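In case you want the letters, here they are:
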Amino acid sequence: MHQDPRATATAILPLVGGPANVVSAAHCVTRLRLGLADRSRVREAALRALPGVLGIVEDGTSYQIVLGPGVVGRVAEEFDTLLAPAGGAARLAARGAELRAANRRRNATPLKTGLRRIAEVFVPLIPALIGCGILAGVGGLLTNLGWLPGFTPALTVLSSAFMALIAVFVGHNTAKEFGGTPVLGGAVAAVVVYPGVAKVSAFGAALAPGQGGVLGALAAALLGTYVEKWCRARLPGTLDVLLTPTLTVLVPGLVTLYVLMYAAGAAATALGTAASWLLATTGAVAGLLLGGLFLPLVMLGLHQALIPLHATLIEQRGHTVLLPLLAMAGAGQVGAAAAVYVRLRHDTSLRTTIRSALPAGLLGIGEPLIYGVSLPLGRPFLTACVGGAAGGAFVGLFAMLGTEVGATAIGPSGWALFPLLAGGSGPAATAAVYAGGLLTGYVVGFAATYWFGRLEPDRPVAPGPP
């Protein structure tokens, strides 16, 4: 159904307290994220009832209106246009930064704050991971087919260059997120990937370029940020200009060489070994748990802790074996939504929401279905988790049998993950197992919701608050 972005933005603005109450406005793939001066001025019931609004989420740092992919970007543009006469982008940026800082201090728990800040380091890297992952997949396919032998080396360079230097980007983003100078964070983290580290020995063994990977880069940049802040608080201006950058690179750099690279390298190796062992010995159980629990983790914001694990596995092994298992949660969600659509034939509003959100769900963007369908209805959220568990168990079972499914990048899910699949059994077998997992998730999610979702057919059920 066509949705007028201008009309939607115009309807939303007074319901969130008007221009004077909006201090920042941004958006992600599915949500319009607003910083509000006074949340008590929001007329939430009326906001939820607006056509096109799929749900409301509050995470302590922003007020988030779920609109769905594609739609949210156009609505956000119109929203910015409406806000401009009230003070413009500069006012919003300044007041928004102040509000976010205050909200984070007041509302965020230490655990959620830590996970959110780590996620902020890695999330900006996802577009590059996706692009390079797809190029790696295309290059691997051409190599296996024996096509374009003169061109595949170029694809290998393009797909591998970013991963070879990802530690520098992690260091840059870490310093930026934690209040340091980004270029100094990148400089300290660059130690991890510099070829010359092979001439340095730690604990009796020569170091290897890249040892410790993104975990070592993250730790190095965190230490560098702490040293930089310590220096700036104690050194006078004339010395600060010279000594702070020097000490910020020297002290954390030495610690990185002689401690962090060794420790982070051991941790990364242990992570890769544990992931391989887990899938080889308990793949079905691991898949069941990961696929079944991922939607609740998303609801709690704890899924952010998995981002550095994915990045470490991709850097170490070329792919992450966790993402295809977690992607099965989205398949269960799609199956559950389809069952709701079939059972509640006379709930026109809900069926319209499902028709709008289902294509995004098939591509792995599950928030519209979660906040617009399953979570408001209650039981279908649980039955969607059952479908995800079944799909994860299917993929995990084949990992035990020797057909491991991995992804060369993080971010996409559902059908969008097919171009990024990787595994040791060849592209056809890998794709077949992943497709089988999706199908299992769809079918079990549908059946569990249809029979056990507590849905009374032909009776309107209006979505309530998530």
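Counting starts from 1 at the beginning of each chain's written sequence and moves along it residue by residue. With pLDDT at 70 or above as the cut-off, local features in this predicted model cover only qualifying residues; side-chain atom pairs require 80 or more to be listed or tallied, and sums for whole chains, interfaces and linings still use all residues. Neither water nor hydrogens contribute to the side-chain values; these are computed over all heavy atoms in the structure.

### Thoughts on the packing of aromatic side chains
The pairing test for Phe, Tyr and Trp rings, Trp by its six-membered ring, is centres within 6.5 Å, and the orientation test on the planes gives stacked under 30 degrees, edge-to-face over 60, and tilted for anything in between. For the structure on display, the rule yields six aromatic pairs. With a centroid separation of 5.7 Å and 15° between ring planes, the pair formed by Phe-446 and Tyr-450 is classed as stacked. On the criterion of helical spacing, the pair formed by Phe-446 and Tyr-450 is a turn pair, its members being four residues apart in helix H17 (residues 427-452). Accessible area is worked out with a 1.4 Å probe on protein chains only. A residue is then buried under 20% of its type maximum, exposed over 50%, and partly exposed in between. Under the relative-accessibility criterion, Phe-446 is labelled partly exposed at 28%. A run of H or I in DSSP becomes a helix once it reaches four residues, and a run of E becomes a strand once it reaches two; helices and strands are each numbered from the N terminus.

### Examining helix H6 (residues 126-145)
Each residue after the first adds 1.5 Å to the expected span of a helix. Between the first and last C-alpha of H6 there are 28 Å, a value that for 20 residues agrees with the 28 Å anticipated at 1.5 Å per step. Here H6 has its buried residues at Ile-126, Leu-129, Cys-132, Gly-133, Gly-139 and Leu-142. Close packing links the buried residues of H6 with helix H5 (110-122), helix H7 (152-164) and helix H8 (166-177). Once H6 finishes, Gly-146 follows within two positions and takes phi at roughly 75°, a positive value. Working rule for contacts: check all heavy atoms of both residues, and any pair within 4.5 Å makes them a contact.

### Brief notes about the environment of Val-183
Tracing the backbone shows Val-183 in helix H9 (residues 182-193). Spatially, the C-alpha atoms of Val-183 and Asn-173 are 9.1 Å apart, while their sequence positions differ by ten residues.

### Observations regarding the pattern of salt bridges
In the sections that follow, a salt bridge refers to a side-chain nitrogen of Lys or Arg positioned within 4 Å of a carboxyl oxygen of Asp or Glu. Taken as a whole and judged by the stated rule, the model has six salt bridges. Notably, a salt bridge pairs Glu-177 with Arg-117, separated by 3.2 Å at the nearest N-O pair. With Glu-177 in helix H8 and Arg-117 in helix H5, the pair connects residues that are 60 residues apart, well separated along the chain. In this structure Arg-117 comes out as partly exposed when scored by relative accessible area, which is 24%. A salt bridge links Arg-232 to Asp-240; the nearest nitrogen and oxygen atoms lie 3.0 Å apart. Residue class for Arg-232 comes out partly exposed when judged on its relative accessible area of 38%.

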